[in-house]
Amino acid sequence: MRKPFPSLLLLHRLRRRRDADRRYAAAASLTASVADIPVPAAASTGIIRDTLDRVDARELAATPRLYHSLITACAQRKSLDDARAIHAHLAGSQFAGSVFLHNSLIHLYCKCGGVADARRMFDEMSTRDMCSWTSLIAGYAQNDMPDEALGLLPGMLRGRFKPNGFTFASLLKAAGASASSGIGEQIHALTVKYDWHDDVYVGSALLDMYARCGRMDMAIAVFDQLESKNGVSWNALIAGFARKGDGETTLLMFAEMQRNGFEATHFTYSSVFSAIAGIGALEQGKWVHAHMIKSGERLSAFVGNTILDMYAKSGSMIDARKVFDRVDKKDLVTWNSMLTAFAQYGLGREAVTHFEEMRKCGVHLNQITFLSILTACSHGGLVKEGKQYFDMMKEHNLEPEIDHYVTVVDLLGRAGLLNDALVFIFKMPMKPTAAVWGALLGSCRMHKNAKIGQFAADHVFELDPDDTGPPVLLYNIYASTGQWDAAARVRKMMKATRVKKEPACSWVEIENTVHMFVANDDTHPRSEEIYKKWEEISIQIRKAGYVPNTDYVLLHVDEQERQAKLQYHSEKIALAFALINMPLGATIRIMKNIRICGDCHSAFRYISKVFEREIVVRDTNRFHHFSSGSCSCGDYW
């Protein structure tokens, strides 16, 4: 007996199912090609749009899985136009009310930078779940919109949604970015209420939030309470101390991290090098650099930039240049960091050469680039070049900011062109700030111009009455020109407003230990030996031609006492200590918290020649590299 033929209806259904399977396989293949193959953005756009067109032509079946695959592929390419195309297509489909797909779209928009689209998507949703709130909060936090992220918290709680670990991590990230420890503490209380505070990821976000808000006491407390620590929590703590400029504690935490068996990442090294740059601890920096090389960490631009900056700020331009040359795929920050280093050392001509090399290589110049080259021209006395580069900003469609104007005033003022600096200020398209007038006041101190100095000081007092620096500068101008009555009036004003001059201190690193000194310091256990050494140094450099410059003693005393006051400045004591303790031929590196004294500058030039030593001094403005009787600044500082 023959088997009956299948009905036409059954054959039709089988064919439809087979075709649907083929269409689904084609869709999966298309979406996989978008997600997995590194094709150009334009090509990925074409594949996604082609897939949507095939759905419209009913060649492919629209399914939640297909839409989610397209969203995933689009998120990897970060194409906002494609995201909007997928959204529009989904809105006209039978899955328009899918909360899952809407949440995916919110995440997609945020990944593509379309946070406003994500918010509209969120507001239009008739039904939301915890993932909806978390996706938008995370999107705001990741797109540097902390206030908007935190602003969603009250509504979420009113809707009786229970935040999860991802929600808390994003909220804490936003609180840290806004530097609001008050809201951060409230979120901390919520983590305790919902029993998420012991989670290692939430705990790491908590301590990072406190660290970014400068609350290192709370950051340490959270860290100590974590039952399970990970690399993220260690990195957050180390970065917190680095941001506070606490180099010693940063190094201690780095060593403790190693002892606990956690490997350092490029984030760790970046924080540590940044902290070392702040204290100028070259030997410690070299040790961490060697540790990084031994660990196999690649010298990427991200880490290389901080290493370059560390060497430059620790007084080793040779090492900074080596790092620059070895960085793979130099980015704009790499070029700018090297340019800034030249500026800090007063190497104006080298900075100009470097800047022109940037232009030749087609590096995209930004505001920082021009600020660095203007600073280099200012410190190097390159007035013509500085004016040229300031005018060049317009060619690169860059509008000068207030810092650029401050630097040009400094450029003209340092060169003694005080009247030109005044004219430049009056022609500024914006109202001069206290920083602008402060730059002119500093120049008047260099050139002992009391008339313009008083004029500039009056503007600074009006714009920033709380700044303690300008009254000190004005007093120094009058004292250095022998106008003791005027100096006394300024001193009286300083006492009335409780302005105190910052005490000068210098420090030197020897065998991984930092030794700090103040003027006439007798607190060091070896002070007697240090003073005896300086007396020997003083005798030898006087024989070589050094004559104390008593213009830098800003006290109304006789000549003999003025010379005595010069002899025990903090940088001279630090240098004497270094000569006692450092081996012959070793470079001496001294840090100072204010501008180096002019007499000390002269003495150091002679010492570098008589004792055949290289001496590097980092003061608050720049570096001075003394060698064979001359300084890298060319005595222009």
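All figures in this text were calculated on a predicted structure; none of them were measured in a lab.

Digging into the pairing of strand E1 (residues 505-510)
Then comes step 1: With 6 of 6 residues buried, E1 lies mostly within the body of the structure.
Then comes step 2: Taking every second residue as pointing to the same face, both faces of E1 are buried, with Cys 505, Trp 507 and Glu 509 on one and Ser 506, Val 508 and Ile 510 on the other.
Then comes step 3: As paired strands, E1 and strand E2 (residues 513-518) are joined by 6 bridges and run antiparallel to one another. By the bridge assignment for E2, Glu 509 is matched with Val 514.
Then comes step 4: Linkage of E1 to E2, two consecutive antiparallel strands, is achieved through a turn of 2 residues, within which Glu 511 is found at a positive phi near 50°.
Then comes step 5: Sheet topology note: the E1/strand E3 (residues 588-592) ladder contains 3 bridges and is antiparallel. Residue pairing across strands places Trp 507 opposite Met 591, the latter belonging to E3.

What about the confidence of the model for the protein?
Then comes step 1: Here the protein shows a mean pLDDT of 87. Residues at 70 or above account for 90%.
Then comes step 2: Here residues 20-43 is a poorly scored stretch, pLDDT under 50, and it has 35 contacts once near neighbours within four places are set aside; other chains count.

Thoughts on helix H23 (residues 383-392)
Then comes step 1: Listed in full, the buried residues belonging to H23 are Val 383, Glu 385, Gly 386, Tyr 389, Phe 390 and Met 392.
Then comes step 2: Tucked inside the fold, the buried residues of H23 contact helix H21 (348-360), helix H22 (367-380), helix H24 (402-414) and helix H25 (418-426).

Details of the UniProt feature "repeat: PPR" (unreviewed entry) in the protein
Then comes step 1: According to UniProt, the "repeat: PPR" (unreviewed entry) feature falls on residues 98-132, 199-229, 230-264, 331-365 and 366-400.
Then comes step 2: As annotated, residues 98-132 has a helix share of 74% and a strand share of 0%, and its two end C-alpha atoms lie 12 Å apart.
Then comes step 3: Between the C-alpha atoms that bound residues 230-264 the distance is 11 Å, and the span itself is 74% helix and 0% strand.

Comments concerning the side chain of Ser 271
Then comes step 1: Following the sequence through the fold, Ser 271 ends up in helix H16 (residues 266-279).
Then comes step 2: We classify Ser 271 as buried; its relative accessible area is 14%.
Then comes step 3: Ignoring sequence-local partners within four residues, the contact set of Ser 271 consists of Ile 238, Ala 239, Ala 242 and Thr 250.

Some details on unusual backbone geometry
Then comes step 1: Phi is positive for Arg 58, which is not a glycine, with a value near 65°.
Then comes step 2: A positive phi angle, close to 60°, is found at Arg 160, a residue other than glycine.
Then comes step 3: Mapped onto the elements, Arg 160 comes out in the loop between helix H9 (153-158) and helix H10 (165-177).
Then comes step 4: The exposed category is assigned to Arg 160, whose relative accessible area is 79%.

Regarding the sheet that holds strand E4 (residues 615-618)
Then comes step 1: Reading across from one edge, E2-E1-E3-E4-E5-E6 is the order of the 6 strands in this open sheet, with mixed pairing throughout. Unpaired on one side and paired on the other, E2 and strand E6 (630-631) mark the two borders of the sheet.
Then comes step 2: As paired strands, strand E5 (residues 623-627) and E6 are joined by 2 bridges and run antiparallel to one another. Note that in E6 the partner of Phe 626 across the bridge is Cys 631.

Thresholds, definitions, all that
- Residues numbered from 1 in each chain as written.
- Predicted model: local features only at pLDDT ≥ 70, side-chain atom pairs only at ≥ 80, totals over all residues.
- Heavy atoms only, no water.
- Buried < 20%, exposed > 50% of the residue type's maximum accessible area, 1.4 Å probe, protein only.
- Helix = DSSP H or I, 4+ residues; strand = E, 2+ residues; numbered from the N terminus.
- Pairing = 2+ DSSP bridges.
- pLDDT = per-residue confidence, 0-100.
- Contact = heavy atoms within 4.5 Å.
- UniProt positions renumbered as here; feature names shortened; annotations may be inferred.

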